[in-house]
Amino acid sequence: MRKILLILLVAVCIFAASADDIAKSFDRIVKDYGYPFEQHYVTTSDGYILKLFRIQHGIKDANETSTNGRPAILIQHGIFDSADFVLTHGPDLSPAFYLANAGYDVWVANSRGNKYSRQHKTLNPDKDAKFWDFSFADMVNDYKANIEHVRSETGQTKIAVIGHSQGTSSMYAGLSTDAGWFKDRVSIFVSLGSVARLDNLTSKLLKFIIETPIVLSTVKKLGIEEMFPSNFLTKSTFILLCGAIPQICQFGAKIIADSDPRVDSSEWARIYFGHFPSGSSTKCLEHYSQIFLSKKYQSFDYGAEENMRRYGTRTPPEYPLNKVSVPVAKFTGSSDVLGDAQDNEWLSAQLAHTLVFDKVYDYGHLSFFIAKDMNYLADMLEVLRKYHHTNTASEEVGISS
């Protein structure tokens, strides 16, 4: 009887929260705020079927006879996250809405294996371990498929790309190993909370997982290929805890990503964690573990024999960041414990030849979506208007703290 009552209590709480963004799906949040919504399916070269969401214009453009021709932007989330992350700051200052109101055609991606992209042409994520045989390096294929789809749908030669966290790790892998392909298709890469080398990683949770190899090796021996999935238990737990005591989730942000939770809003942290986690592969964490332990931003280490077959060397090659040719704008948080400021100084030095903007804010890793002060959006918009210009008559967007 107690179990039944507990289940009923959880269901009632979730139902009560359903009128709040904390429990809504991406499409419902978009539609409830009056923005247009489209859902697209994109298939990668290695068979993953991804959901790609589109917000074609802002609220004040709804009555225009044509909204085609707006410069397109593709936004890519980080590890264990989903497209929901760009909708967690209300109808005006959520990055996706902010950019749509500024005149951009906004596309928001979902990485393979997250709650929206658990499909494959031949593999079943619940039965086939091979489905989860990917790290952020393989997500370069996700970027390529999504970029080509956006270009095809919009007829635009080049689009802008915004990446956060793991979304920067995979993008830098692609920009450095296939520089010409991306240079022909991307006008500017906006890098939020950049993660390449992890020498100064201090995230308590991530460091515990990746610092000691036995943790991940035990997980693999147990046959756990998917980490932190989105399911009824995780979703209801975060909704209940964050809904009742928002400060708990603000503290959660401190353990995971932001050393100074005071810069983040407990209200927006509450919304964010209602959509977190969204799942990914164990191999993604294994790749970051290798980078942390080797102190190199490098390809996945398969062991000497397999490395020889794949790379032609016994050790995995470092990503050649000197070959990046797309303009890069970097936004770094001073209290970011994942994309550490010192590690980002190293990254900026590697990208000096193509870096067009580089600024440190009083932010943590998640602050780009839940901060009390979202003024970085104005800087990002200025960069985008310079390198990915819009001539539409959209409203002037403002920011208030």
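Just so it is clear, the model here is predicted, and its values are computed rather than measured.

1. Re the overall build of the chain
Point 1. Scanning the chain from N- to C-terminus turns up 17 helices and 11 strands.
Point 2. Going through the 401 residues of the chain one by one, you find that 56% of them count as buried.
Point 3. Long-range pairs, those at least 24 residues apart, make up 76% of the contacts in the chain between residues at least 6 apart in sequence.
Point 4. Surface summary for the chain: the accessible area is close to 16,600 Å², and the carbon and sulfur share equals 54%.

2. Examining the nonpolar core
Nonpolar side chains tend to gather and get buried jointly when the protein is soluble and globular.
Point 1. Of all hydrophobic cores here, the largest spans 106 residues; its most connected members are Phe26, Ile55, Leu99, Phe182, Phe331, Tyr376 and Leu384.
Point 2. Here tyrosine 376 is in contact with Pro95, Leu192, Phe331, Tyr361, Tyr363, Phe368 and Phe369, once residues within four sequence places are set aside.

3. Concerning the packing of aromatic side chains
Point 1. Inspection of every chain in the model, using the stated rule, returns 27 aromatic pairs.
Point 2. Look at phenylalanine 131 and tryptophan 132: their rings are 4.8 Å apart centre to centre, the planes differ by 70°, and that puts the pair in the edge-to-face class.
Point 3. What makes tryptophan 132 buried here is its relative accessible area of 3%.
Point 4. Three or more aromatic residues joined by ring pairs make a cluster, and in this case those are Phe331, Phe357, Tyr361, Tyr363, Phe368 and Tyr376.
Point 5. One Lys or Arg, arginine 197, reaches over the ring of tryptophan 346 and ends 4.7 Å from the middle of that ring.

4. A few points about helix H5 (residues 140-154)
Point 1. The end-to-end C-alpha distance of H5 is 21 Å, a good match for the 21 Å that 15 residues give at a rise of 1.5 Å each.
Point 2. Backbone geometry just downstream of H5 places glycine 155 in the positive-phi region, at approximately 75°.

5. Here's the deal with the environment of serine 176
Point 1. Its place among the elements puts serine 176 in helix H6 (residues 166-177).
Point 2. In contact with serine 176, not counting residues within four places along its chain, are Tyr319, Pro320, Leu321, Lys323 and Val324.
Point 3. One polar contact links the side chain of serine 176 to the main-chain carbonyl oxygen of tyrosine 172, over a distance of 2.8 Å.

6. Quick word on the side chain of aspartate 260
Point 1. Locating aspartate 260 in the fold gives a position in the loop between helix H11 (246-256) and helix H12 (266-273).
Point 2. A polar side-chain atom of aspartate 260 sits 2.8 Å from a polar atom in the side chain of arginine 262.

7. Brief notes about the confidence of the model for the chain
Point 1. Of the residues in the chain, 84% reach a pLDDT of 70 or more, and the chain-wide mean stands at 88.
Point 2. Low pLDDT, under 50, characterises residues 1-18; the stretch is placed with 13 contacts to residues that sit more than four places away or in other chains.

8. Focus on the pattern of salt bridges
Point 1. Summed over all chains, the structure comprises 24 salt bridges.
Point 2. Close ionic contact of aspartate 133 with lysine 283 constitutes a salt bridge, the shortest N to O distance being 2.8 Å. Here aspartate 133 is found in the loop between strand E5 (119-120) and H5, whereas its partner lysine 283 is found in helix H13 (residues 282-294), with 150 residues between them in sequence.
Point 3. Note on lysine 283: relative accessible area 8%, which makes it buried.
Point 4. Residue arginine 197 pairs with aspartate 199 through a salt bridge whose shortest N-O separation is 2.5 Å.
Point 5. Each of Asp21, Lys24, Arg28 and Asp32 takes part in one network of salt bridges that share partners.

Each value, and the rule that gives it
- As a convention, each chain's residues are numbered from 1 in the sequence order in which they are written.
- Owing to the predicted nature of the model, reporting of local features is limited to residues with pLDDT of at least 70; listing and counting of side-chain atom pairs is limited to 80 or more, with chain, interface and lining totals taken over all residues.
- Side-chain numbers here rest on the full set of heavy atoms in the structure, without hydrogens or water.
- Under the scheme used here, helices are H or I runs from DSSP no shorter than 4 residues and strands are E runs no shorter than 2 residues, and both carry numbers assigned from the N terminus.
- A 1.4 Å probe rolled over the protein chains alone gives each residue an accessible area, and that area as a share of the maximum for its type sets the label: buried under 20%, exposed over 50%, partly exposed in between.
- The contact criterion used throughout is that any non-hydrogen atoms of two residues lie within 4.5 Å.
- Values of accessible area rely on a 1.4 Å probe in the Shrake-Rupley scheme; residue burial ignores everything except the protein chains shown.
- The nonpolar core is taken to be a set of buried Ala, Val, Leu, Ile, Met, Phe, Trp, Tyr and Cys residues, with the residues joined through side-chain atoms within 4.5 Å.
- Here the aromatic set is Phe, Tyr and Trp, taking the six-membered ring for Trp, and pairing holds for ring centres within 6.5 Å; pairs whose planes are under 30 degrees apart are stacked, those over 60 apart are edge-to-face, and all others are tilted.
- By definition here, charges over rings are those cases where NZ of Lys or CZ of Arg is within 6 Å of the ring centre and within 35 degrees of the ring normal.
- Multiplying 1.5 Å by the residue count of a helix minus one yields the expected span of that helix.
- Pairs of N or O atoms are called polar contacts if they sit within 3.5 Å, as long as, within protein, a hydrogen donor faces a hydrogen acceptor (for residues adjacent in sequence, only side-chain-to-side-chain pairs).
- Confidence of the predictor in every single residue is expressed as pLDDT, which spans 0 to 100.
- Here a salt bridge means any side-chain nitrogen of Lys or Arg lying within 4 Å of a carboxyl oxygen belonging to Asp or Glu.

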